[in-house]
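Structure at a glance
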Amino acid sequence: MIPYWNPGSIEVIPGVLMFHTFGLLVGIAVLVGGFIAQRRAEQAGLSGRVMADAAIFFVIVGFLFAHWVSVVFYFPDRLWGAACETHAQCMSAPFHGVWGKPADMICQDNGRCNNGHWSTMLMIWNGISSVGGFLGAFVGILIFFRVSRIPLIPGVLVLEGGKNRPALKYVDAAAYGMAFAWIFGRAACFTAHDHIGRLTNSPFGIRFPRAEWPKLVTPEALEMFGDVSYVQRFDLGFLEMLYAIVMSIVFFFVARNEHRLNLRPGWYAAVLIFFYAPYRLFLDSLRARDIDGADPRYWLDMTAAQWGTVIMMVLAIWIWWLGGRARNKPGYMDNSAFPLELGGEPAAAAAAASTGAATDAATDAKATGARKSSGSKSGGGNRGKRS
């Protein structure tokens with residue numbers, strides 16, 4: 001049995017400055033992941049600046065998609081309005097939006113309250129989906145490595161893009177940092193207990209105090225545990241944190257022996273996703289279904305996250321395949337095919353690449369001339385023999 005832990009908020013200056021544990025741990029996750037990814041990129045001979053900018057961009061796009069997926073697939077009422085039959089059912093309904101709140105909450109002709117609003121899609125602090133974050137990061141990768149500059153705030157904050165750089169190597173560095181960041185991210189979920197699982201007697205279950213969690217005291221819980229002070233359930237945030245710890249340990253030791261393993265580019269990214277997808281598919285089968293607000297199910301009785309993991313598995317296989325092709329290209333493996341990685345500054349790198357190309361061309365010309373000379377001598381000798 002895992003001890004129940006709910007640290008709540010950390011009051012730095014009483015009544016003035018307070019940190020919520022969830023937000024604090026998420027912030028630590030972003031910083032740790034970005035720092036480790038940048039160091040990892042530099043160790044691989046890549047640009048630390050580009051990796052840092054990539055991490056910023058991936059986090060921004062990832063959080064946007066994480067929120068959008070959460071709203072559309074888990075809390076659609078925030079967008080379309082709560083289902084209703086009478087006006088009375090909508091009078092106390094909370095408004096989900098940044099602006100545009102109606103004067104009166106009513107039940108509309110479409111059978112929904114008018115408390116939903118499209119601006120809820122901008123409230124990224126109000127609900128996120130980890131699988132949505134993964135898919136968003138992938139979209140961010142596709143964008144980042146097709147542009148040279150990303151003006152987040154034109155003239156003020158402009159990120160370096162990844163165009164003409166070895167994308168798989170940068171994605172590997174990001175995946176390496178992500179594994180460690182994931183520990184803190186899922187620790188945040190564990191402190192908030194926002195991924196409640198099924199009733200269980202497993203040693204991996206957590207005893208939730210009934211006084212703090214009355215919604216978990218369902219008829220099924222009473223039947224299983226009787227009149228006790230707790231309800232024991234899985235906490236999926238804790239179980240996923242265990243996965244992150246295991247993957248971080250694996251990545252650490254693999255990285256220390258990389259020189260002997262001849263890994264393909266994209267190995268860390270593909271492995272991180274490939275093993276996470278089936279694990280998450282299994283974890284969502286442990287989600288509570290006997291409590292209010294249980295995650296909605298879709299086709300084949302699967303959650304949105306489970307369907308997302310199917311997409312993630314396909315992406316992992318694709319990354320693995322791309323890495324296999326890249327490993328067979330010497331210019332990809334030693335970065336010589338990417339002038340921007342040779343000297344840091346684009347102009348210097350291009351000059352170095354041009355000089356190298358000229359040297360290679362001269363070498364090829366000499367070799368061709370030598371072969372022609374050798375062929376002429378050999379041909380003359382043969383003619384003498386035939387005569």
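Up top is the structure these notes are about.
Residues numbered from 1 in each chain as written. Predicted model: local features only at pLDDT ≥ 70, side-chain atom pairs only at ≥ 80, totals over all residues. Heavy atoms only, no water.

Moving on, we get to the packing of aromatic side chains. Inspection of the entire model under this criterion finds 29 aromatic pairs. Both rings, one in Tyr243 and one in Tyr276, keep their centres 5.8 Å apart while their planes meet at 45 degrees; by these two values the pair is tilted. Of this pair, Tyr243 sits in helix α7 (residues 236-256) while Tyr276 sits in helix α9 (residues 267-283), and the two are 33 residues apart along the sequence. Across this residue pair, the class does not change: Tyr243 and Tyr276 are buried. Linked through ring pairs, Phe57, Phe58, Phe144, Phe145 and Tyr170 together constitute an aromatic cluster. (Phe/Tyr/Trp six-rings, centres within 6.5 Å; stacked < 30°, edge-to-face > 60°. Helix = DSSP H or I, 4+ residues; strand = E, 2+ residues; numbered from the N terminus. Buried < 20%, exposed > 50% of the residue type's maximum accessible area, 1.4 Å probe, protein only.)

To continue, consider the sheet that holds strand β5 (residues 196-199). One open sheet accounts for 3 strands, arranged β5-β7-β6; its pairing is antiparallel. On the outer flanks of this sheet lie β5 and β6 (206-209), each paired with one strand and no other. Strand-to-strand twist of the sheet, defined as the mean angle between neighbouring strand axes without regard to direction, takes the value 55 degrees. Here β5 runs beside strand β7 (residues 230-235); their pairing, made up of 2 bridges, is antiparallel. Across the sheet, residue Leu199 finds its bridge partner in β7, namely Arg233. (Pairing = 2+ DSSP bridges. Axes fitted to C-alpha atoms, helices over the stretch in contact; angles between N-to-C directions.)

Residues Ile10, Val12, Ile13, Leu17, Phe19, Leu24, Ile28 and Phe184 make up a contiguous nonpolar surface patch of roughly 590 Å² in combined accessible area. Among the elements that make up the nonpolar patch, the one with the highest residue count is strand β1 (residues 9-13) (3 residues). Examined against the element boundaries, Leu17 turns out to sit in strand β2 (residues 17-20). (Patch = residues over 30% accessible without salt bridge, like charges linked within 9 Å, V, L, I, M, F, W, Y side chains within 5 Å. Areas by Shrake-Rupley, 256 points an atom, 1.4 Å probe, with all protein chains shown as cover. Salt bridge = Lys/Arg side-chain N within 4 Å of Asp/Glu carboxyl O.)

Moving on: the state of the cysteines. All told, the structure shown has 2 disulfides when counted by the stated rule. There is a disulfide in this structure between Cys84 and Cys107, and the S-S distance comes to 2.2 Å. Taking the sign of the S-S torsion, 90 degrees for the link of Cys84 and Cys107, the bridge is right-handed. Of this pair, Cys84 sits in the loop between α3 (77-80) and α4 (130-144) while Cys107 is found in the loop between α3 and α4, placing the two residues 23 residues apart along the sequence. Both residues of the pair, Cys84 and Cys107, belong to the buried class. There is a disulfide in this structure between Cys90 and Cys113, and the S-S distance comes to 2.0 Å. Its torsion about the S-S bond being -80 degrees, the disulfide of Cys90 and Cys113 is classed as left-handed. (Disulfide = S-S within 2.5 Å.)

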